[in-house]
There are 2 protein chains.
Amino acid sequence: MSAASTPEPSRRDELLAIAARLFAEKGFKNTTVRDIADAAGILSGSLYHHFDSKESMVDEILIPFQDRLFGQYDEILASDDDARTKLERAVRVSFEAIEQHGPEVAIFQNDADYLGTFERFGYLADRNTQSRQVWVTLIEEGVRTGVLRPDLDVTLTYRFIRDTVWVAVRWYQPGKGHTHTEVADQYVRILLDGISS
Amino acid sequence: MSAASTPEPSRRDELLAIAARLFAEKGFKNTTVRDIADAAGILSGSLYHHFDSKESMVDEILIPFQDRLFGQYDEILASDDDARTKLERAVRVSFEAIEQHGPEVAIFQNDADYLGTFERFGYLADRNTQSRQVWVTLIEEGVRTGVLRPDLDVTLTYRFIRDTVWVAVRWYQPGKGHTHTEVADQYVRILLDGISS
DNA sequence: CACCATACCAAGCAAATGCTTGGTAGGGTG
DNA sequence: CACCCTACCAAGCATTTGCTTGGTATGGTG
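Residues numbered from 1 in each chain as written. Chains lettered and ligands numbered in written order. Predicted model: local features only at pLDDT ≥ 70, side-chain atom pairs only at ≥ 80, totals over all residues. Heavy atoms only, no water.

### Notes on the pattern of salt bridges
All names here are of chain B.
- As enumerated under the stated definition, the model contains 34 salt bridges over all chains in all.
- Where E55 meets R120, a salt bridge forms, and the shortest distance between an N and an O atom there is 3.8 Å. Separated by 65 residues along the polypeptide, E55 in helix α4 (residues 54-78) and R120 in the loop between α6 (102-115) and α7 (122-144) bring together distant segments of the chain.
- Classification of R120 by relative accessible area gives partly exposed; the value is 37%. (Salt bridge = Lys/Arg side-chain N within 4 Å of Asp/Glu carboxyl O. Helix = DSSP H or I, 4+ residues; strand = E, 2+ residues; numbered from the N terminus. Buried < 20%, exposed > 50% of the residue type's maximum accessible area, 1.4 Å probe, protein only.)

This is how it looks when you write it as structure tokens:
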């Protein structure tokens, strides 16, 4: 009876979506299992029929998202595009992630430090390192091929780009104001006209 | 017996500095009064000899800091400098704040949303509005006087600058790597070469 | 009909958390 | 010496929090 376009999300997935939104809004530690249960219209204990713990919930939220995102980065890195195009594509893919997976991005940005203190979430630090390598690789390739200014401090530039792109999750609201494509256009313009030689 | 240069901080001030560091590291709600007391070498109850509540502690941390910072912004706005210089000065003052009052900046960046849900912290939203007005005024003056590109989306540019400047508090560590002046130089360079006509 | 899996409720427990209360030690001041 | 102020301790209370346990209702499936 359900529309073919949306394959009837399981109750699990519904609960994960609710949890993701709350984690993003209030932070992981700041969100109680009762908050999640209330939003879902059930009692807090009933969550433990679906999930082992609050931690396993955020696990299931973050891991598939990161797999997709870094898959896209890898694709860009492996492509034949010139350095400038690669950098542009990486920025656009990131803004697309903010549009389509805002809660996941917000959780990763806001709670990675705290979650990282548990061994279970060691992969978050790995992903952070991987992200750094992606951007640094792109910047260095840009400098090497003469697309970017040769006097750029690569580390500072990396931080500049990373911060500028990801922090947008704090204010970007899908459907309001600019589309993510428009925002990406503006940001690329400001960024590259300052960086390109 | 104390050096004349440092006028012997009161116990109150010592405790506030400890609390500020912990609030910045772990977040306001995530920091317990026992955390603060442990770091100070006393019992949690003893904190209530000095302060009314945990909330009043963060109050005393944020208010004087914001008074100083916005005083500096006002001074820049009222100056005779051209728009480009004003914008540069505002960026530099902000990085200086990150250097000298890192914990305060971090708390304002990370916890303003949460704290803002209490009537007591309504002034945080006011300060946010005020900050927006400062940057928008500077950008609009830049566009009007021809120092900045006329096709800039003022709101997006404001967010771009604000995010780029303040998010640096997440990684900047005084005494390690670049000085705040060097970081400001690089950021101004990237920013303005993308913005200036 | 017997059986079973899914999704939930009702009740509560142990730990953590913000804060309170009554008291004590030490140093200055009249 | 009597008095008081500052800084703290010791003990605990009410609430919140993550999670557990045993049970119930519903809808399939043999």
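### Examining the nonpolar core
- In this structure, W135 of chain A together with W135 of chain B are the most contacted members of the largest nonpolar core, which totals 106 residues.
- Excluding its chain neighbours within four sequence positions, the residues that come into contact with W135 of chain A are Y73, L87, A90, V91, S94, Y158, I161 and W166 of chain A.
- In terms of nonpolar packing, the next biggest core, distinct from the first, is built from 25 residues, A19, A20, I36 and Y123 of chain B among them. (Core = buried A, V, L, I, M, F, W, Y, C linked by side-chain atoms within 4.5 Å. Contact = heavy atoms within 4.5 Å.)

### Examining the relation of the copies chain B and chain A
- You can overlay chain B on chain A at an RMSD of 0.0 Å; the transform is a turn of 180 degrees with a shift of 0.0 Å along its axis. Considering both components of the superposition, the chain copies are consistent with a two-fold axis.
- An overlap of 100% is found between the interface residues of chain B and their copies at the interface of chain A, pointing to a shared contact surface. (Least-squares fit on C-alpha atoms with pLDDT ≥ 70 in both.)

### Considering the confidence of the model for chain A
Residues and elements named next belong to chain A.
- Per-residue confidence for chain A gives a mean pLDDT of 91; residues scoring 70 or more make up 94%.
- Looking across chain A, the model is least confident in helix α9 (residues 180-195), with a mean pLDDT of 85, and most confident in helix α4 (residues 54-78), with 97.
- With pLDDT under 50 throughout, residues 1-5 is counted as low confidence; its partners more than four residues away or in other chains account for one contact. (pLDDT = per-residue confidence, 0-100.)

### Thoughts on the protein's contact with DNA strand C
- Around DNA strand C lies a shell of 17 residues, among which R11 and L43 of chain A together with V33, Y48 and K54 of chain B are the nearest.
- Take the atoms of DNA strand C that sit within 4 Å of the protein: sugar and phosphate atoms are 62% of them.
- Interatomic distance of 3.5 Å between a backbone N/O atom of T31 of chain B and a phosphate oxygen of DNA strand C.
- Taking Y48 of chain B, its side chain carries an N or O atom lying 2.6 Å from a phosphate oxygen of DNA strand C.
- Elements represented by at least two residues in the surface near DNA strand C include exactly α3 (47-50) of chain A together with α2 (33-40) of chain B.
- For the surface near DNA strand C, the class distribution of residues is four nonpolar, nine polar and four charged. (Near = heavy atom within 4 Å. Polar contact = N/O pair within 3.5 Å; in protein donor to acceptor, adjacent residues only side chain to side chain. Nonpolar A, V, L, I, M, F, W, Y, C, P; charged D, E, K, R; others polar.)

### A look at the environment of L15 of chain B
Residue and element names in this part refer to chain B.
- Topologically, L15 is positioned in helix α1 (residues 11-26).
- For L15 and L47, which are 32 residues apart along the polypeptide, the C-alpha to C-alpha distance reads 8.3 Å.
- In this view, L15 contacts A40, I42, L47, H50, F51 and M57; residues no more than four positions away in its chain are not counted.

### Concerning the packing of aromatic side chains
- Counted according to the given criterion, the structure contains 21 aromatic pairs over all chains.
- Ring geometry for Y73 of chain A and W135 of chain A: centres 6.1 Å apart, planes at 65 degrees, overall edge-to-face. You can see Y73 of chain A sitting in helix α4 and its partner W135 of chain A sitting in helix α7 (residues 122-144), a full 62 residues away along the chain.
- On the basis of relative accessibility, which here comes to 0%, the residue W135 of chain A falls in the buried class.
- Measuring from ring centre to ring centre gives 6.2 Å for F121 of chain B and Y123 of chain B, while their planes differ by 45 degrees; the resulting arrangement is tilted.
- An aromatic cluster of three or more residues is present, and its members are F95, F160, W171, Y172 and Y187 of chain A together with F95, F160, W171, Y172 and Y187 of chain B. (Phe/Tyr/Trp six-rings, centres within 6.5 Å; stacked < 30°, edge-to-face > 60°.)

### A look at the interface of chain B and chain A
- Contacts between the two partners involve 27 residues from chain B, matched on the other side by 28 residues from chain A.
- Of all residues in chain B, L156, F160 and I190 of chain B bury the most surface against chain A, accounting for 25% of the area lost on that side.
- Run the count over chain B and chain A and you get four salt bridges.
- The partner of D193 of chain B in a salt bridge is R149 of chain A, and the shortest N-O contact between them spans 3.9 Å.
- Secondary-structure elements contributing two or more residues to the side of chain B that touches chain A are α6, α8 (154-166) and α9 (180-195) of chain B. (Buried area = accessible area lost by both parts, 1.4 Å probe.)

### Describing helix α2 (residues 33-40) of chain A
All names here are of chain A.
- When we look at burial in α2, the residues that qualify are V33, I36, A37 and A40. Take α2 and look down its axis: the buried residues cluster within an arc of 95 degrees, on one side only. Away from its buried face, by an angle of more than 90 degrees, α2 presents the exposed residues R34 and D38.
- On its buried face, α2 is in contact with α1 (11-26), α3 and α4.
- The positive-phi residue at the C-terminal boundary of α2 is G41, with phi of around 80 degrees. (Arc of directions from axis to C-beta.)

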